[in-house]
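Here's the letter readout for the chains.
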Amino acid sequence: MLQVSELEIENRLREDNPWWLSGGGIEADRAAMPRRAYLPAFKALVQSGGAHRAVLLMGPRRVGKTILVAHAIHALMADGVVGRDILYVSLETPSLIGLSLDALVRRFEKLFDRPANTRLYVFFDEIQYHKNWEVHLKSLVDSHRHCQFVATGSAAAALKHKSAESGAGRFTDFVLPPLTFFEFLRFVGKEDSLIREEEAEAGLRRYVAQDIHALNESFVDYLNYGGYPEALFFEGIRKNPRRYIKSDIIDKVLLRDLPSLYGISDVQELNALFNTLAYNTAQELSLEDLSQSSGVSKPTLAKYLEYLEAAFLIKRMRRVDNNARQFKKAMTFKVFLTNPTMRAALFSSLTATDPAIGHLVETAVFSQWLHNDAHIDSLRYARWKKGEVDLVSLDPCQQPRFAVEVKWSDRPFDDAKEIRGIIEFATTNKLARMPRL
């Protein structure tokens, strides 16, 4: 068994917490990185510490959770929080493996002299690799009322599943999705040159494309590599997204995280299913068809779909009819990648005229709602004998709020038949805003 000295443990903690030094702060390269649009909401949640709850920062691999934590620490210090009152621990660090969460917190409390009940901030990174983390974190929340705990994790399968079982009333989830197109434009410095904000009717604001062709070109770039922050800052990743995204993100989840969490023995079977889903993103599928094409039983496929969704790789969408009624026996469903960039990494980059671009565009539009559980869970697609609609949002009473048809084409402007499905759906369900032809 690995025996690490007390001095080595303390030295490692000091290395990972440079803000403990007088005048210290987060690393210069992280401080220089652009801020995610989610930082203000995340920081406010961390600072509020409402009702003695830990914050669980969840999301896919490499979307910037650790960077968001660093930026939150930077913002806390800018608001006057003393650096020595903030602890960051990466639970993947070999020298810290085997230490209990409670031991780490107590060590931190004893390191520096503070007034009694000083507000402390504790960040546990990649917490799902700590055995029985949910039980220990709940205990810490109950016993250390002066501490605000934040935990991050990529294997959302463990976080979602176990937080529901053991953390009821103690954990608040915060989902960090891949980059939105809005963030992508801001990060690459094109937002102001491509989009103009102006006043619209009834005091509303609207956004107008200043150069629609350049905007479309940027959108294709976003589809191919723009979902992950690091891809924007390193040319090598942009040139070879397959090597970065597939090996460092997809394979680690499929070949390591999910098998270890759920005891999956046939990883190739799981991998083949994910490849099929990625290739057919935004298309209607059924368990029957998937079972026949893969040779995997329907019960096993249902479990795999659940695991892939929990790990933030895919999101399923249920079907409604033209009256927005759900089917009692749902035989078909749509599966979306949570990030269109994954398809390009698995297969090949797409051009604006590629036959598959339409499904990838629909995937990208769908993914813009991933940050909001209430909205994403309300989305459906409509299909009936004479038509279909890509996205339908239902209110709590299961009535349609709005409908969206995604087209990567100018044809609807010349031929209303291209969007007859959404026109019929809007008319049938008396939606307030009809599409302008």
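These numbers come from a predicted model, not from an experiment.

**Regarding the nonpolar core**
Here is step 1: In terms of nonpolar packing, the biggest core is built from 105 residues, with Phe123, Phe124, Leu137, Phe149, Phe274 and Leu308 touching the most fellow members.
Here is step 2: Contact partners of Leu137, with chain neighbours within four places excluded, come to Ala54, Leu56, Leu101, Phe124, Ile127, Phe149, Ala151 and Phe171.
Here is step 3: Counting 13 residues, the second largest nonpolar core, distinct from the first, contains Ala324, Ala382, Val389 and Val392.

**Some details on the packing of helix α10 (residues 212-225) against helix α18 (residues 357-367)**
Here is step 1: Taken N-terminus to C-terminus, the directions of α10 and α18 make an angle of 85 degrees; their axes are 11 Å apart at the nearest point. What the angle tells us is that α10 and α18 run roughly perpendicular. The segment α10 lies against α18, with Phe219, Tyr222 and Leu223 engaging Ile357, Leu360, Val361, Ala364 and Ser367.
Here is step 2: Split by residue class, the contact of α10 with α18 holds 7 nonpolar, 1 polar and no charged.

**Some details on the sheet that holds strand β4 (residues 147-153)**
Here is step 1: With parallel pairing, the 5 strands of this open sheet are ordered in space as β2-β3-β4-β1-β5. A strand with exactly one partner marks an edge of an open sheet, and here the two such strands are β2 (86-90) and β5 (171-175). With strand direction ignored, the average angle separating the axes of adjacent strands in the sheet is 20 degrees.
Here is step 2: Relative to β4, strand β1 (residues 54-58) is paired through 4 bridges, and the arrangement is parallel. The partner of Met58 across the bridge, within β4, is Gly153.

**Some remarks on helix α5 (residues 101-111)**
Here is step 1: Buried within α5 are the following residues: Leu101, Leu104, Val105, Arg107 and Phe108. The buried residues of α5 occupy an angular sector of 160 degrees when projected down its axis, which confines them to one face.
Here is step 2: Those residues of α5 that are buried are in contact with α1 (6-16), β2, β3 (120-125), α6 (133-143) and β4.

**Focus: unusual backbone geometry**
Here is step 1: For Glu126, which is not glycine, the phi dihedral falls at a positive 60 degrees.
Here is step 2: Mapped onto the elements, Glu126 comes out in the loop between β3 and α6.
Here is step 3: Taking relative accessible area as the criterion, Glu126 reaches 10% and is therefore assigned buried.
Here is step 4: Positive phi values are uncommon outside glycine, yet Asn132 reaches one of about 55 degrees.
Here is step 5: Within the fold, Asn132 resides in the loop between β3 and α6.

**A look at the packing of aromatic side chains**
Here is step 1: Using the criterion set out here, one finds 17 aromatic pairs in the structure.
Here is step 2: With 5.8 Å between their ring centres and 15 degrees between their planes, Trp20 and Phe108 make a pair best called stacked. With a gap of 88 residues between them, Trp20 in the loop between α1 and α2 (28-32) and Phe108 in helix α5 connect regions that are remote in the sequence. For the pair shown, Trp20 and Phe108 are each scored as buried.
Here is step 3: Here a set of aromatic residues connected by ring pairs shows up, and it is made of Phe181, Phe184, Phe219, Tyr222, Tyr225 and Trp408.
Here is step 4: Above the ring of Phe108, the side-chain terminus of Arg114 is found at 4.6 Å from the ring centroid.
Here is step 5: A cation over a ring is seen here: Arg119 above Tyr121, with NZ or CZ 5.8 Å from the ring centre.

**Observations concerning the environment of Ile245**
Here is step 1: Note on placement: Ile245 falls in helix α13 (residues 241-262).
Here is step 2: Taking the relative accessible area as the measure of exposure, Ile245 reaches 0% and is therefore buried.
Here is step 3: Put simply, Ile245 and Ala231 are 14 residues apart on the chain and 9.1 Å apart in space, counted from C-alpha to C-alpha.
Here is step 4: Apart from residues no more than four positions distant in its own chain, Ile245 is found in contact with Tyr228, Ile250, Thr341, Met342 and Ala345.

**As for the pattern of salt bridges**
Here is step 1: Counted under the stated rule, the structure contains 30 salt bridges.
Here is step 2: Between Arg114 and Asp85 there is a salt bridge whose closest N-O contact spans 2.8 Å. Pair noted here: Arg114 is in the loop between α5 and β3 and Asp85 is in the loop between α4 (65-78) and β2, with a separation of 29 residues, a long-range link.
Here is step 3: Across the pair Asp377 and Lys315 runs a salt bridge whose closest N-O atoms are separated by 3.0 Å. Here the residue Asp377 occupies a position in the loop between α19 (373-376) and β12 (379-384), and Lys315 occupies one in strand β9 (residues 314-317), the gap between them amounting to 62 residues.
Here is step 4: A relative accessible area of 42% means that Asp377 is categorised as partly exposed.

**A few points about the environment of Lys252**
Here is step 1: Note on placement: Lys252 falls in helix α13.
Here is step 2: Judged by its relative accessible area of 32%, Lys252 falls in the partly exposed class.
Here is step 3: As a C-alpha pair, Lys252 and Pro40 span 212 residues in sequence and 30 Å in three-dimensional space.
Here is step 4: Setting aside anything within four residues of it in sequence, one finds Lys252 in contact with Arg61, Ser247 and Asp257.

**Comments concerning the packing of helix α3 (residues 39-48) against α4**
The axes of two packed helices give the description: the angle between them and the distance between them.
Here is step 1: For the pair α3 and α4, interaxial distance at closest approach is 10 Å and the crossing angle is 65 degrees. As α3 runs across α4, the sense of the crossing is right-handed. Touching Leu39, Phe42, Lys43, Val46 and Gln47 of α3 are Leu68, Val69, His71, Ala72, Ala75 and Leu76, all from α4.
Here is step 2: In terms of residue class, the contact of α3 with α4 is built from 8 nonpolar, 2 polar and 1 charged.

Rules used throughout
- Residues numbered from 1 in each chain as written.
- Predicted model: local features only at pLDDT ≥ 70, side-chain atom pairs only at ≥ 80, totals over all residues.
- Heavy atoms only, no water.
- Core = buried A, V, L, I, M, F, W, Y, C linked by side-chain atoms within 4.5 Å.
- Buried < 20%, exposed > 50% of the residue type's maximum accessible area, 1.4 Å probe, protein only.
- Contact = heavy atoms within 4.5 Å.
- Axes fitted to C-alpha atoms, helices over the stretch in contact; angles between N-to-C directions.
- Helix = DSSP H or I, 4+ residues; strand = E, 2+ residues; numbered from the N terminus.
- Parallel < 35°, antiparallel > 145°, perpendicular 65-115°, else oblique.
- Nonpolar A, V, L, I, M, F, W, Y, C, P; charged D, E, K, R; others polar.
- Pairing = 2+ DSSP bridges.
- Arc of directions from axis to C-beta.
- Phe/Tyr/Trp six-rings, centres within 6.5 Å; stacked < 30°, edge-to-face > 60°.
- Lys NZ or Arg CZ within 6 Å of the ring centre and 35° of its normal.
- Salt bridge = Lys/Arg side-chain N within 4 Å of Asp/Glu carboxyl O.
- Left-handed = near helix turned anticlockwise from the far one by under 90°.

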